[in-house]
Every structure is written in C-alpha cells, then in structure tokens.
Amino acid sequence: MKLYSLSVLHKGSTKANLLKAAYDLSSFSFFQRSSVQEFMTFTSALIVERSSLGSRASVKEQEYLCHVYIRNDNLGGVVIADNEYPSRVCFTLLDKNPREADAMSKVQAELDETKIILHNTMESLLERGEKLDDLVQKSEHLGNQSKAFYKTARKQNSCCEVM
C-alpha cells in the first residue's frame, strides 16, 4: 500500500496547470525517478483536462490507480497510488481542506497571520520614527536659522540709533 503522488492543478479552458505536487519516488531506482515523476505529472494533467467539473473518478494506468476530484471552482486534485491503497482514503484526502483537517496547520496559519500583522505594525512604527527624525532635523535647522536671524538683526539694530 503506497501513495506516490499528490498533485493540485487548475483546470483551464484548454489545459490543466500544475500548481503544486508532492512525490514519493523512493521505491524507484535513482535513474528512473525523473521519468516516473514526469509520467505522474503528465498523467495528472491529462486526467484533470479530461474530467468534468464537480466530478470524482478513479483511473487505472498501468499498475497505478489515479484518483481525481475536480471542484466547481476549476481546482483539481490527483492522488496516484498503487492498487492496494483504498480509494475512500484518497478521496477523503482530496476532499478535506488541510487547514481545517489538522490542528497544527490551523495554529500555524494563525501564527503566520499574526506574524504578518506584527510585521506591518513594525514597519509603520519605523516609518513614523523616520518622520519624527525628519521633524527633529527640520526644527533644529529652523532653530539655527532663527538664531542667525536674531544675531543679524541685533547687529543691524546696534549700528543705528532709534530717534
């Protein structure tokens, strides 16, 4: 009982595009792995292209069983396993939203979201700090200019008498 491939594809109008795939090719020799992976990628895309929206199917290809599920939003999943792997398990795997199925991935998703919010907050704080630094520099420059103006005005007033 072995699971060889899990692929997620987008079913386009003419062609299926591979979005993500995971392969377990450890049972194949090193020299066969690339061609077996290419075969699995090609077969997955072909099955998704030929399946209709909202359908599930199992297709036997050589000694493999390819289980496919195409959702109504054109997203398709393909599991390639050996003949002994239960199809019910494959379709359960394809049906589930992984973020809801696993508590750890749910917590990880929340952590990632919190990290993004924290990162954005830190960026805005740094931008405010830079703006404050600019204001401090401008006020120092303005203070220096006012001192220079005061000295110049005093010099001008000291050489002239007011009547």
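Residues numbered from 1 in each chain as written. Predicted model: local features only at pLDDT ≥ 70, side-chain atom pairs only at ≥ 80, totals over all residues. Heavy atoms only, no water.

S.K.: How would you sum up the packing of aromatic side chains? Please name residues and give values.
M.R.: In the structure shown here, the tally under the stated rule is four aromatic pairs. Here the aromatic rings of Tyr4 and Phe28 are separated by 5.6 Å at their centres, their planes lie at 50 degrees, and the arrangement is tilted. With a gap of 24 residues between them, Tyr4 in strand β1 (residues 3–11) and Phe28 in the loop between β2 (16–23) and α1 (33–50) connect regions that are remote in the sequence. You'll find Tyr4 and Phe28 in the same group, each marked buried. (Phe/Tyr/Trp six-rings, centres within 6.5 Å; stacked < 30°, edge-to-face > 60°. Helix = DSSP H or I, 4+ residues; strand = E, 2+ residues; numbered from the N terminus. Buried < 20%, exposed > 50% of the residue type's maximum accessible area, 1.4 Å probe, protein only.)

S.K.: Now, about the nonpolar core: what can you tell me, with residues and values included?
M.R.: Judged by nonpolar contacts, the single largest core of 16 residues is most densely connected at Phe28, Met40 and Val48. Of all the secondary structure elements, the ones that give two or more residues to this core are β1, α1, β4 (64–70) and β5 (75–82). Tallying contributions element by element places α1 first for this core, with five residues. What Val48 contacts, discounting residues up to four positions off in sequence, is Leu9, Lys11, Ala16, Val68, Ile70 and Val78. (Core = buried A, V, L, I, M, F, W, Y, C linked by side-chain atoms within 4.5 Å. Contact = heavy atoms within 4.5 Å.)

S.K.: Outline the side chain of His67, supporting the account with residue identities and numerical values.
M.R.: Of note, His67 is situated in strand β4. Exposure remark for His67: the relative accessible area of 0% places this residue in the buried category. Engagement of the side chain of His67 in a polar contact is seen with the side chain of Ser58, the distance being 2.8 Å. Beyond its immediate chain neighbours, meaning those up to four positions away, His67 contacts Ala57, Ser58, Gly77, Val78, Val79, Ser87, Cys90, Phe91 and Leu94. (Polar contact = N/O pair within 3.5 Å; in protein donor to acceptor, adjacent residues only side chain to side chain.)

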